[in-house]
Amino acid sequence: MVLVKKRIDEVDDRLYVETNKSHKITDVSPAFYKEFNINEGELIGKSIYTIVSRHTNFGKNKVIFGKLFGYSCLLRMKNLEDKKIYHILLSEQNIDYIELISFINSIEAKKYKKKSIKQNRYSFDDIIGQSPAIQRVKELASKIATNNSTVLLTGESGTGKELFAQAIHELSTRKNQSFIAVNCVAIPDELFESELFGYEAGAFSGAKQEGKPGKIELAQNGTLFLDEISELSYQSQGKLLRVLQEREVERLGGTTSKKVDIRIIAATNRDLKTLVENGKFRQDLYYRLYVFDLQIPPLRVRKEDILPLTYSFIEFYNNKFDKEVTYIDSGLEDWLLTYEWPGNIRELKACIERGMNIVDNDTLTLKNLYLPSNNKSSMPVSLMQENMEFLSLHAAVENAEISIIKQALDDANGDRTIAAQKLKISVASLYRKISKYKLK
Ligand SMILES: Nc1ncnc2c1ncn2[C@@H]1O[C@H](COP(=O)(O)OP(=O)(O)OP(=O)(O)O)[C@@H](O)[C@H]1O
Ligand SMILES: [Mg+2]
């Protein structure tokens, strides 16, 4: 048996792969080539994902479980400014899964400890946004919070699905019971049953003496939040469905089953219906989950929320970094309002955090955000399409024209003569452009 935990602390310095920011391998240690019996130089330039298959992240991307040339591996990734270093912690033909479970648990235990110190889960009051779009969702969510129905939260990455899940739980009669979150991406198929159903003492060699309750049992009388549900394998979906149907769970190696009383909230950023049509997601499970489909709109369709969110994040980081930022300058405001936020609120929050680290007076500016010009995703998306492809030059020029005309009109308080002067064009041609772009 392999002692995972012990080995975690004993990084073998000789076994590593380095990649650049775009995951291309730039350096491989000689010992690595030897360990896996490959020719030197063979891996340079390839993507890390061509050698690490089926990887699952634990915690904050730090420890990765994957398959490397047929070996089960644990890798630890170090994120440096310009590169990533993957150290092999462990490579075995057969990793002992029970150990892996307890390893994951030890990481998660730490995570939960942090949470429980905070003690406060999010509530509806924490969901910022006055736009009709978000108000509608909040209203619907608060209505269904109090009954026990299953809720499916859909929305792009970073739109606040987990926030809503917690808020729904907090408003329900179950609020004094546990809220157990399960990230379905982080559960390899082999671990699904032991993680969700738990196991009895001696269920398999290496099982913990006293057995271990599964997430479902831990969520008893409370809420089970199944995050990224689309990522469960077909097989695991079937196992989950059975529990939801029978409302009973039996630990691995157990002989009796227990009644389950849990409220399910599932979340996904993919279109489950399409996955069902493509045979990737079980239709029967889909209908079990699709009782209330709560769609959280992306930030770009509720631009009214951008500034209130920005100010709340500024307040948050003021406290955290002990700063006193009160204003944002107009350049930043314009950019915040024109950018399309593909990563939604999470991206906005990260963006403000970056600026708050750098700002040294009371006004946050565009410059503080430090947007590397070669980073496509940080470009104002008026130059990019939704799918992050470049717009045609013609369309990009038009977008730039619209934006500068709007700004000039704003600056001139709507006076077209002054705006035309600022833009150094004739009033007639400003009128033409205003009508061409249907500006007000
Ligand atoms: N309306 C909101 N008001 C305040 N903070 C928000 C709001 N929506 C999201 N956030 C914050 O944005 C971040 C991302 O939210 P959350 O983790 O809930 O998104 P998610 O939809 O679960 O994303 P993913 O699909 O990537 O898991 C969190 O820090 C959350 O607190
Ligand atoms: Mg989430």
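Here's what I pulled together on the structure shown here. (Residues numbered from 1 in each chain as written. Chains lettered and ligands numbered in written order. Predicted model: local features only at pLDDT ≥ 70, side-chain atom pairs only at ≥ 80, totals over all residues. Heavy atoms only, no water.)

Contacts to ligand 1 come from 16 residues, most closely from Ile128, Ser157, Gly158, Lys161 and Arg346. Within the backbone of Glu162, a nitrogen or oxygen atom sits 3.1 Å from an oxygen atom of ligand 1. A distance of 3.2 Å separates an oxygen atom of ligand 1 from a polar side-chain atom of Lys349. Look at ligand 1: alone it shows 640 Å² of surface, and the protein chains cover 88% of it. Here the shell around ligand 1 is built from residues that sort into 7 nonpolar, 4 polar and 5 charged. (Near = heavy atom within 4 Å. Polar contact = N/O pair within 3.5 Å; in protein donor to acceptor, adjacent residues only side chain to side chain. Areas by Shrake-Rupley, 256 points an atom, 1.4 Å probe, with all protein chains shown as cover. Nonpolar A, V, L, I, M, F, W, Y, C, P; charged D, E, K, R; others polar.)

Turning our eyes to something else, we now look at the sheet that holds strand S15 (residues 292-295). Spatially, 5 strands are ordered S8-S11-S14-S7-S15 in an open sheet, and the strand pairing comes out parallel. The open sheet has two free edges, formed respectively by strand S8 (179-183) and S15, since each of these has just one partner strand. Across this sheet, the average inter-strand angle for adjacent strands is 20°, counted without regard to direction. Relative to strand S11 (residues 223-227), S8 runs parallel, the two sharing 5 bridges. Along S11, the bridge assignment pairs Ile180 with Leu224. Lying over the sheet, helix H5 (residues 132-145) contacts strand S7 (151-154), strand S14 (263-268) and S15, oriented at roughly 150° with respect to S15. (Pairing = 2+ DSSP bridges. Helix = DSSP H or I, 4+ residues; strand = E, 2+ residues; numbered from the N terminus. Axes fitted to C-alpha atoms, helices over the stretch in contact; angles between N-to-C directions. Contact = heavy atoms within 4.5 Å.)

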